Amino acid sequence: MTDEEKQRSLKGDEYAIRCENSHVIRHRHKKPPTKDCLSSSSSIFVTKNLTIITAQTGSTAILPCVLMGFVNGVVSWKRLKDYTLLTVGSTRYTTSNRFVPEQVKSQNVQHWRLLIKFVEHNDAGMYECQVSTYPPAYIHMRLKVIDAYAMINGSPELYIKNGSEMHLTCKFIQSTEEPSFVFWYHENMMINFDQYRGISTFKNKSTSSLTIATINHSHSGNYSCVPSNMKPASISVHILDDEKPAAMHTDNRNFAPTVTKPKIYSAFVIIMYISFSFFYLFLF
């Protein structure tokens, strides 16, 4: 990136922050937004100015720009941090095919959406939807990019009795898009379809679960939950013949561990006995 491009990028970030902060401060004091943050023709938009869109890495972010149905004009999308023109109408202007304009018309409104596929962290920032009315009208919105990850209840280790049923639940944390699939692994083997071993799996928008009807020692080891679009999670399962391992047994009446006291008194007696023996021999 050249020095000129860096300066433009910095100016774009400063503008985005200034615009957003100006809106928040003026809203708090019940003042109208500054002129550079909101067009005087904002009444043509159904989508609110400074809408925040959150998307996880690897997903498809959808930036909405909904106009009143009577509006005539070409809609364009711009990325403000580097002033890149992304789309004009249904045409993509950027070289990246991750940016896709999408138009959906209905009876009373027009939807001009910008799709950003396979979202990356550097996609975060402010975007502008502009309509070529006279004067031009525009609104801004902010894209936040987060990392989604999986988490298995009870991790990192689970102790379970031999012969019982095992149920593992994998939660999707900070997920904005449901994974298209979730694979479960025992060690390095995918086990989603091992029904002959009494294994079943289930998935919904926020979790995936693994159930083994009757476990034995062959089921011990590492289990991994691997969603298609987020960081995986693992848990180590230990199969026990007793309900708890010896290290986990506690006496509920006394939670303090039993500590063997040093035999200081015995050592003192021995030292005194030796000292008196030497004293006795010296005298006699």
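Just so it is clear, the model here is predicted, and its values are computed rather than measured.

(A) Quick look at the nonpolar core. Counting 25 residues, the largest nonpolar core has Phe45, Leu63, Trp77, Ile116, Tyr127 and Leu143 as the members making the most contacts within it. Put simply, the parts of the chain that give this core at least two residues each are β1 (51-56), β2 (61-63), β4 (75-79), β8 (109-116), β9 (125-131) and β10 (137-146). Per-element accounting of this core gives the leading share, 5 residues, to β10. Those residues within four positions of Ile116 in sequence are excluded, and the remaining contacts are Ser59, Thr60, Ala61, Leu63, Arg98, Phe99, Asp123, Tyr127 and Leu143. Residues Phe172, Ile199, Tyr223 and Ala233 belong to the second largest nonpolar core, which totals 22 residues.

(B) Up close: the side chain of Thr94. Along the chain, Thr94 turns up in the loop between β6 (91-92) and β7 (99-105). Contact partners of Thr94, with chain neighbours within four places excluded, come to Leu85, Leu86 and Phe99.

(C) Seen up close, the environment of Phe118. In this structure, Phe118 sits in the loop between β8 and β9. Once the C-alpha coordinates of Phe118 and Gln56 are considered, the two residues, 62 residues apart in sequence, prove to be 9.1 Å apart. Setting aside anything within four residues of it in sequence, one finds Phe118 in contact with Gly58, Ser59, Arg98 and Asp123.

(D) Examining the sheet that holds strand β13 (residues 166-173) more closely. What the 4 strands build is an open sheet, ordered β11-β13-β17-β16; its pairing is antiparallel. Each of the sheet's edge strands pairs with one partner strand only, and the pair in question is β11 (149-152) and β16 (199-203). Each neighbouring strand pair of the sheet contributes to a mean axis angle of 15°, computed without reference to strand direction. Inspection of the sheet shows β13 paired to strand β17 (residues 207-212) by 6 bridges, in the antiparallel sense. Along β17, the bridge assignment pairs His167 with Thr211.

(E) Representation of the environment of Leu114 within the structure. You can see Leu114 is positioned in strand β8. Looking at Leu114, the relative accessible area reads 0%, which means it is buried. C-alpha of Leu114 to C-alpha of Gln103: the two residues are 11 residues apart in sequence and 8.9 Å apart in space. Setting aside residues up to four positions removed in sequence, Leu114 forms contacts with Ala61, Ile62, Leu63, Trp77, Leu86, Thr87, Phe99, Val100 and Tyr127.

(F) The confidence of the model for the protein, seen in detail. Looking at the protein as a whole, its pLDDT mean stands at 80, while 70% of the residues score no less than 70. Scored below 50 in pLDDT, residues 20-36 shows 18 contacts in the model against residues more than four places distant or in partner chains. The model gives residues 276-284 a pLDDT under 50, and that stretch makes 0 contacts with residues more than four places away or in other chains.

(G) Inspection of the pattern of salt bridges at higher detail. On inspection of all chains with the given rule, the structure shows 6 salt bridges. Close ionic contact of Glu120 with Arg98 constitutes a salt bridge, the shortest N to O distance being 3.9 Å. Remark: Arg98 occurs in the loop between β6 and β7 and Glu120 occurs in the loop between β8 and β9; sequence separation between them is 22 residues. Under the relative-accessibility criterion, Arg98 is labelled buried at 14%. Of the charged contacts, one joins Asp123 and Arg98 as a salt bridge, the two residues approaching to 2.9 Å between their closest N and O atoms.

(H) Inspection of unusual backbone geometry at higher detail. A cis geometry characterises the amide bond from Tyr134 onward to Pro135, with omega recorded as -5°. With an omega of 15°, the peptide bond between Ser155 and Pro156 qualifies as cis. Counting through the fold element by element, Pro156 comes out in the loop between β11 and β12 (157-161). Residue Leu50 is not a glycine yet carries a positive backbone phi of 60°. In this fold, Leu50 is placed in the loop between α1 (3-28) and β1. Residue Leu50 is classed as buried on the basis of its relative accessible area, which comes to 13%. Phi is positive for Gln174, which is not a glycine, with a value near 60°.

(I) Spotlight on the state of the cysteines. Evaluation of the coordinates by the stated rule reveals 2 disulfides. Paired by a disulfide, Cys65 and Cys129 hold their sulfur atoms 1.9 Å apart. Every disulfide takes its handedness from the sign of the S-S torsion; for Cys65 and Cys129 that torsion is -80°, giving left-handed. A residue pair is termed long-range when its members are at least 10 positions apart, and Cys65 in the loop between β2 and β3 (66-68) and Cys129 in strand β9 qualify at 64 residues. Put simply, Cys170 and Cys225 are joined by a disulfide, and their sulfur atoms are 2.1 Å apart. Negative torsions about the S-S bond denote left-handed disulfides, and the value of about -85° found for Cys170 with Cys225 makes this one left-handed. Here Cys225 lies in strand β18 (residues 221-227) and Cys170 lies in strand β13, a separation of 55 residues in the sequence. You can call Cys170 buried: its relative accessible area is 0%. Across the protein, the way the bonded cysteines pair up, counted in sequence order, is 1-2, 3-4.

Cut-offs applied
Residues numbered from 1 in each chain as written. Predicted model: local features only at pLDDT ≥ 70, side-chain atom pairs only at ≥ 80, totals over all residues. Heavy atoms only, no water. Core = buried A, V, L, I, M, F, W, Y, C linked by side-chain atoms within 4.5 Å. Buried < 20%, exposed > 50% of the residue type's maximum accessible area, 1.4 Å probe, protein only. Helix = DSSP H or I, 4+ residues; strand = E, 2+ residues; numbered from the N terminus. Contact = heavy atoms within 4.5 Å. Pairing = 2+ DSSP bridges. Axes fitted to C-alpha atoms, helices over the stretch in contact; angles between N-to-C directions. pLDDT = per-residue confidence, 0-100. Salt bridge = Lys/Arg side-chain N within 4 Å of Asp/Glu carboxyl O. Disulfide = S-S within 2.5 Å.

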